[in-house]
There are 2 protein chains.
Amino acid sequence: MTPVERLRARIERLGAPLCLGIDPHPDQLPVGLPRDADGLETFARGLVEAAAPEAAAIKVNVAFFEAFGSRGWAALERLRADIPADHVLILDAKRGDVSSTAERYAAGLLGHLGADGVTLSPYLGEDAVEPFRAFGDRLLYILARTSNPSAPTFQELGVHGGAHLSELVARWVTERWPHPEVGLVVGATAPHELATLRRAVPEPAFLVPGVGAQGGDLAAAVRACHGTRAPGLVNVSRGIAGASSEADWRGAAAEAARSWRSRMAEAGATLAG
Amino acid sequence: MTPVERLRARIERLGAPLCLGIDPHPDQLPVGLPRDADGLETFARGLVEAAAPEAAAIKVNVAFFEAFGSRGWAALERLRADIPADHVLILDAKRGDVSSTAERYAAGLLGHLGADGVTLSPYLGEDAVEPFRAFGDRLLYILARTSNPSAPTFQELGVHGGAHLSELVARWVTERWPHPEVGLVVGATAPHELATLRRAVPEPAFLVPGVGAQGGDLAAAVRACHGTRAPGLVNVSRGIAGASSEADWRGAAAEAARSWRSRMAEAGATLAG
């Protein structure tokens, strides 16, 4: 099965497009865990064990491991080996470089670590994406509209007849790679932009961050994940990882994941109805 | 001494803004070196020993180490420890993420690895830069116009009254961080764009890739590095690293570095005269 097929099967089985985001800051680790690469690994593995049964995909943010250098990368390698085989692993890396360099990033993230997908930045154009396409059917999510406060600085710049840069990026991705495995990152913190982009490009799958701690709009996020050529994903990180910082964090994360899945399933059922 | 002061002292002593670029593909390693993280480390260390005496700065491209996962990062950590203290080390990483994630990238690249500078991507706006500014006086080079063939896709988009996106990025950097340690990446492969950007923003330092193997314009690159509030840098990677793939590679790299320094010094003398 390709990553798209595994993702589709898993979302249908769960009835919800929940993506479990793993990006814990060492200062936010639960009590009793060391604030180093070992603590990060214990926490990340515990989150996967607790919450993966409710999640369609797992998105690991590379930065939180890279912060600890080679020890962090070794932890990421071990974590990768423990991801359940029916889940897709997306590495949130936002890499973007000239082709000879992008080829090396692809070798590391898709080759060495064997991720099922990555996030990529569009600023360098197609050169930054094609080396990842060379791995065939892996999921690629290209940044269109990110969830952070300063996203509008460039992403909402008016270009060509008044459209925002984010919309041009979305149209470019859709036209250049009209494949189910190539999608877009579009944050839930700007529901108007999310809806505008969904109308502009109805086909590609969206990976939607920003619900939960960042305050994004869950119903809008779930709506943006319906009816696309590959299923979309709504990511929740701190809303699950931060459910408890006490000794009961595993159970709290499992409970939070069940709750998020249930809320997403309800929002989806409303749409279907 | 701050990184800017060390860079200025070194460029004045050498009379040339040569930046030694370390980004060797395993397939391009000299004969006799294993095509793995060990081979990469031996080659990178040999290049630094051979060519650093002619170089004002050393730019290491993180991707070529990241490709080998934790073993590559361990090699990068050892290499970092061997960079001569009077040289600045720039990690070419092109990271760009939301602030909580950018803070972790900064912790890894500027904290854990102790780099004197990094390259950053502008797509997410100021959130992606500020956590690196929190490290104070480190050199930050933000991508404006890259040296790759598809750079124009977005970087030459017309925005606000006809200027290219790359020019808007350059003006934004200049206005927001009017500090000598904050500069721009501008490739030498588009000499017209390079000259346009230099006129638009006369003050920030440029880090100029693309001369040598990529065919960029050396005289234009050196010209763009003169008279700025911090000294600019012209990067040469394959032009030094690829000087020989035989057993004499160390000597060939040293000779190539001498030649590049000399050509840059001549181009600079013409400007000064």
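Per chain, residues are indexed from 1 in the order of the written sequence. All chains are assigned letters beginning at A, and all ligands numbers beginning at 1, according to the order in which they are written. The predicted nature of this model means local features are confined to residues of pLDDT at least 70 and side-chain atom pairs, given and counted, to a pLDDT of 80 or more, with totals for whole chains, interfaces and linings taken over all residues.

1. So, the overall build of chain A
Then, number 1: Comment: elements are numbered from the N terminus, with helices defined as DSSP H or I runs of at least four residues and strands as E runs of at least two. Along chain A, the regular secondary structure elements total 12 helices and 10 strands.
Then, number 2: For chain A, the spread of C-alpha atoms along the principal axes amounts to about 55 × 50 × 40 Å.
Then, number 3: With C-beta atoms placed from the backbone, a residue is labelled by how many other C-beta atoms lie within 10 Å of its own: buried for 20 or more, exposed for 12 or fewer, partly exposed between the two. Each of the 273 residues in chain A was classed as buried or not, and the buried ones make up 60%.
Then, number 4: Here the contact rule is simple: place C-beta atoms from the backbone, and any two residues whose C-beta atoms are within 7 Å are in contact. When contacts within chain A are restricted to residue pairs at least 6 apart in sequence, those whose partners lie at least 24 apart make up 71%.

2. Considering the relation of the copies chain A and chain B
Then, number 1: The two copies are related by a screw motion: chain A maps onto chain B through a turn of 180 degrees and a shift of 0.0 Å along the axis, at an RMSD of 0.0 Å. Such a combination of turn and shift is consistent with a two-fold rotation axis.
Then, number 2: Both copies present the same face, since 100% of the interface residues in chain A are matched by interface residues at the equivalent positions in chain B. Superposing copies: least-squares fit, C-alpha atoms only, residues required to have pLDDT of at least 70 in both.

3. Digging into the interface of chain A and chain B
Then, number 1: Chain A puts 45 residues into the contact, and the matching count from chain B is 45 residues.
Then, number 2: Only α3 (63-66), α4 (69-81), α5 (99-112), α7 (152-155) and β6 (158-159) of chain A provide two or more residues apiece to the side of chain A that touches chain B.
Then, number 3: Polarity classes work like this: nonpolar for Ala, Val, Leu, Ile, Met, Phe, Trp, Tyr, Cys and Pro, charged for Asp, Glu, Lys and Arg, and polar for all others, with Gly in that last group. Across the side of chain A that touches chain B, the residue classes tally to 19 nonpolar, 18 polar and eight charged.

4. Quick notes on the packing of helix α2 (residues 37-51) of chain A against α4 of chain A
Residue and element names in this part refer to chain A.
Then, number 1: Angular values range over 0 to 180 degrees, each being the angle between N-to-C directions of two axes fitted as lines to C-alpha atoms, with helices fitted over their stretch in contact. At their nearest, the axes of α2 and α4 sit 9 Å apart, and the two run at 20 degrees to each other. Judged by the angle between their axes, α2 and α4 are roughly parallel. When the axes of α2 and α4 are compared, the crossing they make is right-handed. Contacts between α2 and α4 involve Ala37, Leu40, Glu41, Ala44 and Arg45 on the former and, on the latter, Arg71, Gly72, Ala75, Arg78 and Leu79.
Then, number 2: Among the residues making up the contact of α2 with α4, the classes are represented as five nonpolar, one polar and four charged. Any angle from 65 to 115 degrees is called roughly perpendicular, while one under 35 is roughly parallel, one over 145 is roughly antiparallel, and all others are oblique. Crossing handedness is read from the near helix: turned anticlockwise from the far helix by less than a right angle, it gives a left-handed crossing, and turned clockwise, a right-handed one.

5. Looking at unusual backbone geometry
All names here are of chain A.
Then, number 1: The phi dihedral of Lys94 is positive, around 50 degrees, even though this residue is not glycine.
Then, number 2: Topologically, Lys94 is positioned in strand β3 (residues 88-95).
Then, number 3: Judged by the 29 C-beta atoms lying within 10 Å of it, Lys94 is buried.

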